Amino acid sequence: GRLQRGKSRQFSPPKKKDVAGTNGDDATKGAAQNAIPKKDEQQAKYKKSKDEEDALLKVAADARAAAEATAERLEEEKARLEAEARAAQEMALRVQQAKEREQERADAKNKLEDEARIRAAAEAETANVAWEKFERAQAEASAEIEKRREEEA
């Protein structure tokens, strides 16, 4: 208030306005008295709405944290799946390369077998010709021996 120590109390400090905005006039005192519960009610309402707001903010913060955690998990899952997809692609590529190498080996083997068959056929032909020559020579020799025996006889 405006009171200062040592001075006479000539002036009383001005009354604080009550809620209804009266300066304590008797006519309006009743209205002001009735207004006090309203003030408490308003404060209670304000506190309640403040508590609700705090609760909502907490829920929102929790939801945001959960969403961020979920996003992080999804990001990790995506990275893991991408890594698995890359691994699968690499495996598919290796399988493809192995198949190609296997096909090349099979082609080379078939080529060698074909060459071997051709060579074997040629050698068999040569052997047949040689055998026929041998048989002819043997037959000729037998005929020659038979002829000599007759001449001796």
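Since we're looking at a predicted model, the values are computed, not measured. (Residues numbered from 1 in each chain as written. Predicted model: local features only at pLDDT ≥ 70, side-chain atom pairs only at ≥ 80, totals over all residues. Heavy atoms only, no water.)

**Concerning the overall build of the protein chain**
For step 1, the next point in the chain: Scanning the protein chain for helices and strands turns up one helix and zero strands.
For step 2, the next point in the chain: By the burial criterion, 3% of the 153 residues in the protein chain qualify as buried.
For step 3, the next point in the chain: About 14,200 Å² of surface is accessible on the protein chain, with carbon and sulfur atoms providing 54% of the total. (Helix = DSSP H or I, 4+ residues; strand = E, 2+ residues; numbered from the N terminus. Buried < 20%, exposed > 50% of the residue type's maximum accessible area, 1.4 Å probe, protein only. Areas by Shrake-Rupley, 256 points an atom, 1.4 Å probe, with all protein chains shown as cover.)

**As for the packing of aromatic side chains**
For step 1, the next point in the chain: Applying the stated criterion to the full structure yields one aromatic pair.
For step 2, the next point in the chain: The interplanar angle of 40° and the centroid separation of 5.2 Å between the aromatic rings of Trp-131 and Phe-134 together place this pair among those described as tilted. Taken as a pair, Trp-131 and Phe-134 lie in helix α1 (residues 26–152) at a separation of three residues, close to a single helical turn.
For step 3, the next point in the chain: Taking the relative accessible area as the measure of exposure, Phe-134 reaches 40% and is therefore partly exposed. (Phe/Tyr/Trp six-rings, centres within 6.5 Å; stacked < 30°, edge-to-face > 60°.)

**Focus: the pattern of salt bridges**
For step 1, the next point in the chain: Evaluation of the coordinates by the stated rule reveals ten salt bridges.
For step 2, the next point in the chain: Close ionic contact of Glu-113 with Lys-109 constitutes a salt bridge, the shortest N to O distance being 3.8 Å. Remark: Lys-109 and Glu-113 occur in helix α1; sequence separation between them is four residues, near one turn of the helix.
For step 3, the next point in the chain: For the salt bridge of Arg-117 with Asp-114, the shortest nitrogen-to-oxygen distance reads 2.4 Å. Within this pair, Arg-117 and its partner Asp-114 are both found in helix α1, separated by three residues, close to a single helical turn.
For step 4, the next point in the chain: The exposure class assigned to Asp-114 is partly exposed, which follows from its relative accessible area of 36%.
For step 5, the next point in the chain: Each of Glu-77, Arg-80 and Glu-84 takes part in a single network of salt bridges with overlapping partners. (Salt bridge = Lys/Arg side-chain N within 4 Å of Asp/Glu carboxyl O.)

**Structural notes on a negative patch on the surface**
For step 1, the next point in the chain: On the surface, a cluster of negative charge is made up of Glu-72, Glu-75, Glu-76 and Glu-82.
For step 2, the next point in the chain: Take Glu-72: it is sitting in helix α1. (Patch = residues over 30% accessible without salt bridge, like charges linked within 9 Å, V, L, I, M, F, W, Y side chains within 5 Å. Lys, Arg positive; Asp, Glu negative; His and termini not counted. Charge placed at Lys NZ, Arg CZ, Asp CG, Glu CD.)

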